[in-house]
Amino acid sequence: MSGHSKWANIQHRKGRQDAKRGKEFTKAAKEIIIAAKNGGDPAGNARLRSAIAAAKAINLPKDKIDAAIRKGTGQDAGGDLIEINYEGHAPGGVSVIVECATDNRNRTVADIRHLMTKTGGSMGEAGCVAWMFDKKGVITFSKEKYTEDQLMEAAMEAGADDLRDEGDVWEVQTDMADFNTVREAFEAAGLEMVSAELAMLPKTMQPVTDPETARKFLRFVETIEDHDDVQNVYTNADVPDELMEQLEA
């Protein structure tokens, strides 16, 4: 298992920005609310177990996790959320999937369409780019804590598909159906995960090498991500590392 992908080259920037911690907490809580609609007991709800694990990975306080579960099961108010995805294109011909959790579908679709157009992109019909992505389990580990050999053995025993070098982390990929089994195997082995989530991974990448286009693309992603209803933004952009560093400087 080897290789290297750039699917997370936007995601990891967001993860390094402490100013967005509140947004990450909100996203994690919303995922727990939605997951808990199918039952508030993690033992019998695989999605809820995953959502709680992801929330713990970003240090969401236990009282907030418990409150989100109560909202999802209807014990407390505030759980009227639905999931909806929007698809389209960003500057540079990049394909985009925007995952949202909202209590007002009409407001959200109008807002996302406006933001896409405002930042040089466009919203398409449902299914226009989804076929270009696969839903996979993605589990990351710190390179400071673990070597490739340590994770390789555990990943193979757990039934993971791939182990990748993603710069500052090791990334394990799994089939969606195997995600919880693999994650729980890592937990049982005492391996501490940085993150564990289901993600839309592109089958092919769209190179973005022009600096001005890359700048517009980054602005597009950051603008969409900042909307309160947005949970995740997935793209197939391949921005070279050196260009990313130049734009971040």
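Our subject is the structure that appears above.
Below you will find a few notes about this structure. (Residues numbered from 1 in each chain as written. Predicted model: local features only at pLDDT ≥ 70, side-chain atom pairs only at ≥ 80, totals over all residues. Heavy atoms only, no water.)

Below, the discussion takes up the overall build of the protein chain. Each helix and strand counted, the protein chain has nine helices and 10 strands in total. With respect to the three principal axes, the spread of C-alpha positions in the protein chain is 45 × 45 × 35 Å. Per-residue burial for the protein chain yields a buried fraction of 48% across its 249 residues. Taking the contacts inside the protein chain whose residues are at least 6 apart along the sequence as the reference set, 73% of them involve residues at least 24 apart. Only carbon and sulfur atoms are counted for the fraction: they give 48% of the accessible area of the protein chain, which is about 12,100 Å². Separation of charge centres in the protein chain, based on 31 positive and 44 negative side chains, amounts to 6 Å. (Helix = DSSP H or I, 4+ residues; strand = E, 2+ residues; numbered from the N terminus. Buried < 20%, exposed > 50% of the residue type's maximum accessible area, 1.4 Å probe, protein only. Contact = heavy atoms within 4.5 Å. Areas by Shrake-Rupley, 256 points an atom, 1.4 Å probe, with all protein chains shown as cover. Lys, Arg positive; Asp, Glu negative; His and termini not counted. Charge placed at Lys NZ, Arg CZ, Asp CG, Glu CD.)

Our next topic: helix H7 (residues 179-188). Looking at H7, one finds that the buried residues are Phe-179, Asn-180, Val-182, Arg-183 and Phe-186. With its buried residues spanning 165 degrees around the axis, H7 presents them on a single face. Of the residues in H7, the exposed ones pointing more than 90 degrees away from the buried face are Thr-181 and Ala-188. Contacts from the buried residues of H7 go to helix H3 (46-57), strand S4 (133-142), helix H6 (148-158), strand S6 (169-175) and strand S7 (195-202). Residue Gly-190 follows H7 closely and has a positive phi angle near 75 degrees. (Arc of directions from axis to C-beta.)

Each turn of an α-helix holds 3.6 residues, which means side chains three or four residues apart point in the same direction. Every buried residue belonging to H6 is among Leu-151, Met-152, Ala-154, Ala-155 and Ala-158, and all of these are buried. Residues of H6 that are buried in the fold lie against S4, strand S5 (162-165), S6 and H7. Once H6 finishes, Gly-159 follows within two positions and takes phi at roughly 90 degrees, a positive value.

Attention now moves to the environment of Glu-31. Tracing the backbone shows Glu-31 in helix H2 (residues 21-36). Overall, the relative accessible area of 23% leaves Glu-31 in the partly exposed class. Spatially, the C-alpha atom of Glu-31 lies 9.4 Å from that of Ala-54, the residues being 23 residues apart in sequence. Other than its neighbours up to four places away in sequence, Glu-31 contacts Arg-47, Ala-51 and Gln-231. In this structure the side chain of Glu-31 is engaged in a polar contact, spanning 2.7 Å, whose partner is the side chain of Arg-47. (Polar contact = N/O pair within 3.5 Å; in protein donor to acceptor, adjacent residues only side chain to side chain.)

Its location among the elements puts Thr-140 in strand S4. Among the polar contacts made by the side chain of Thr-140, one reaches the side chain of Ser-195 at a distance of 2.6 Å. Filtering out sequence-adjacent residues up to four positions away, Thr-140 remains in contact with Val-169, Trp-170, Glu-171, Met-193, Val-194 and Ser-195.

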